[in-house]
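Structure at a glance
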Amino acid sequence: MEHENIDQDQRTPTVKAPRVAGKTLNMPVLIILAIVAALAFGVLLNSLSGPPRLAVLDRPATEADTLPEGVTPVPEGEHTLRLVADADDIRYFVSQNADGTTSCLTVYPDNHPRQWVAGCGSGTKSDQEIVRTGSTGIVTAVLVPDGYNTAELEQGGFKKVHDNVYAAATPRVPGSF
């Protein structure tokens with residue numbers, strides 16, 4: 001409990017710091033304790049964050065959301081799959097398992113159908129890429145969660161093909177002229 005004391009010489013009120021276990025805490029210690037508590041709370045909240053958000057998976061499925069024949073669906077088991085972009089004769093499919101812990105990106109080049117590729121990641125933070133995958137000579141693609149800061153990708157030459165997918169073309173398909 002705080003008490004006011006009147007200094008006999010100056011007749012001005014002073015405030016005593018709170019006492020804990022018989023010791024007086026000064027203001028800088030209280031501020032440091034408050035900062036440590038706030039940081040610990042932030043770390044706790046970050047570790048409790050859920051799977052990365054991919055709002056595109058919330059829309060109803062259409063016939064276009066079907067993988068081409070011969071392409072293996074990922075992840076295994078029950079999952080949601082959506083075609084998110086068709087750019088430069090390449091189709092980009094995003095999928096996620098039922099509990100949202102594994103998200104995948106399938107890249108299907110229509111001009112080179114045997115060079116399709118898929119990659120999955122189990123990211124749990126909204127500030128990191130989920131997965132990066134690609135097909136040599138065609139494209140490298142990155143799946144990112146909603147709200148991801150894409151500045152670094154764009155500086156690295158990646159172009160937006162969808163809010164959640166960025167791609168960079170590679171120079172040529174092996175064996176082509």
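In what follows, the structure referred to is the one given above.
Heads up: these notes are all about the structure in this document. (Residues numbered from 1 in each chain as written. Predicted model: local features only at pLDDT ≥ 70, side-chain atom pairs only at ≥ 80, totals over all residues. Heavy atoms only, no water.)

**Comments concerning the sheet that holds strand β11 (residues 159-162)**
Taken in spatial order, the four strands line up as β9-β10-β12-β11 in an open sheet, and their pairing is antiparallel. The open sheet is flanked by β9 (131-135) and β11, the only strands paired with a single partner. The average angle at which neighbouring strand axes cross in this sheet is 30 degrees, direction not considered. For β11 and strand β12 (residues 165-169), the ladder comprises three bridges, and the chain directions are antiparallel. From the neighbouring strand, Lys-159 faces β12, where its bridge partner is Ala-167. (Pairing = 2+ DSSP bridges. Helix = DSSP H or I, 4+ residues; strand = E, 2+ residues; numbered from the N terminus. Axes fitted to C-alpha atoms, helices over the stretch in contact; angles between N-to-C directions.)

**Considerations on the side chain of Thr-106**
By the secondary structure assignment, Thr-106 is in strand β7 (residues 103-109). Thr-106 sits in the buried class, given a relative accessible area of 1%. In this view, Thr-106 contacts Leu-67, Val-71, Val-74, Arg-91, Tyr-92, Phe-93, Trp-116, Val-117 and Ala-118; residues no more than four positions away in its chain are not counted. (Buried < 20%, exposed > 50% of the residue type's maximum accessible area, 1.4 Å probe, protein only. Contact = heavy atoms within 4.5 Å.)

**A look at the environment of Ser-95**
Along the chain, Ser-95 turns up in strand β6 (residues 90-97). When its relative accessible area of 1% is taken as the criterion, Ser-95 is described as buried. Measuring from C-alpha to C-alpha, the distance between Ser-95 and Thr-106 comes to 8.1 Å, with 11 residues separating the pair along the chain. In this structure Ser-95 touches Leu-57, Val-74, Pro-75, His-79, Thr-80, Leu-81, Thr-102, Ser-103 and Cys-104, once residues within four positions along its chain are discounted. Looking at Ser-95, its side chain comes within polar contact range of the main-chain oxygen of Val-74, at 2.4 Å. (Polar contact = N/O pair within 3.5 Å; in protein donor to acceptor, adjacent residues only side chain to side chain.)

**A closer look at the pattern of salt bridges**
Under the counting rule described, the total for this entry stands at five salt bridges. The closest approach of N and O atoms between Arg-53 and Asp-58, which form a salt bridge, is 2.4 Å. Its relative accessible area of 46% is what places Arg-53 among the partly exposed residues. A salt bridge links Arg-91 to Asp-110, with the shortest nitrogen-to-oxygen separation between them at 2.7 Å. With Arg-91 in strand β6 and Asp-110 in the loop between β7 and β8 (117-121), the pair connects residues that are 19 residues apart, well separated along the chain. (Salt bridge = Lys/Arg side-chain N within 4 Å of Asp/Glu carboxyl O.)

**Looking at the state of the cysteines**
Across all of its chains, the model carries one disulfide by this definition. A sulfur-sulfur separation of 2.0 Å characterises the disulfide bridge that pairs Cys-104 with Cys-120. Its S-S torsion of approximately 105 degrees makes the covalent link between Cys-104 and Cys-120 right-handed. Of this pair, Cys-104 sits in strand β7 while Cys-120 sits in strand β8; the two residues are 16 residues apart in sequence, bridging distant segments of the chain. (Disulfide = S-S within 2.5 Å.)

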